[in-house]
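Each chain is listed here by its residues.
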Amino acid sequence: MEMNVRDDKKQVEIWLTNAEKNDPQMQVQLRAIYAEYKKKKISGCGLSIR
């Protein structure tokens, strides 16, 4: 997983491999990350698959 946080644009980019995309533990972790940034009023948490 690669995560890029752009505070100036209030944007978070998350890059996953195909294996990470299908990992149930990773999905739990992503939900926690999404909730964390939603609290910080950062709209849009983009996910991309490598």
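Note that the structure is a prediction, hence the values are computed from the model and not measured.

Quick notes on the rules
Residues numbered from 1 in each chain as written. Predicted model: local features only at pLDDT ≥ 70, side-chain atom pairs only at ≥ 80, totals over all residues. Heavy atoms only, no water. Helix = DSSP H or I, 4+ residues; strand = E, 2+ residues; numbered from the N terminus. Buried < 20%, exposed > 50% of the residue type's maximum accessible area, 1.4 Å probe, protein only. Contact = heavy atoms within 4.5 Å. Areas by Shrake-Rupley, 256 points an atom, 1.4 Å probe, with all protein chains shown as cover. Core = buried A, V, L, I, M, F, W, Y, C linked by side-chain atoms within 4.5 Å. Polar contact = N/O pair within 3.5 Å; in protein donor to acceptor, adjacent residues only side chain to side chain. Pairing = 2+ DSSP bridges.

Colleague: Explanation requested: the overall build of the protein chain in the structure shown.
Modeller: Counting its secondary structure elements, the protein chain contains 2 helices and 3 strands. Reading the protein chain from its N end, one meets helices and strands in the order β-β-α-α-β. The buried share of the protein chain, reckoned over its 50 residues, is 22%. Long-range contacts, defined as pairs at least 24 residues apart, comprise 58% of the intrachain contacts of the protein chain with a sequence gap of at least 6. Accessible surface, the protein chain as shown: approximately 3800 Å² in total, 50% of it carbon and sulfur.

Colleague: Is there a simple way to explain the nonpolar core in this structure?
Modeller: Within soluble globular proteins, side chains that are nonpolar tend to cluster in buried spots. Counting residues in hydrophobic clusters, the biggest one holds 8 residues: Val12, Ile14, Leu16, Met26, Leu30, Ile33, Tyr37 and Ile42. Going through the elements one at a time, strand S2 (11–16) and helix H2 (24–39) are the ones with two or more residues in this core.

Colleague: Hey, could you run me through unusual backbone geometry in this one?
Modeller: A negative phi angle characterises most non-glycine residues, just as the trans form characterises most peptide bonds. Here the phi dihedral of lysine 10 falls at roughly 50 degrees; this positive angle occurs in a residue that is not glycine. Secondary-structure assignment places lysine 10 in the loop between strand S1 (2–6) and S2. Of the residues examined, lysine 10 reaches a relative accessible area of 45% and is grouped as partly exposed.

Colleague: What exactly am I supposed to notice about the environment of glutamate 13 here?
Modeller: Among the secondary structure elements, glutamate 13 is positioned in strand S2. For the pair glutamate 13 and glutamate 2, spaced 11 residues apart in the sequence, the C-alpha separation amounts to 8.1 Å. Polar contacts involving the side chain of glutamate 13 include one to the side chain of arginine 6, which spans 3.4 Å.

Colleague: Sorry, what's going on with the pairing of S1 here?
Modeller: Strand direction decides the pairing type here: S1 and S2, joined by 5 bridges, are antiparallel. Among the inter-strand pairings, asparagine 4 is bridged to a residue of S2, identified as glutamate 13. Linking S1 to S2, which pair antiparallel, is a turn of 4 residues; within it lysine 10 sits at a positive phi near 50 degrees.

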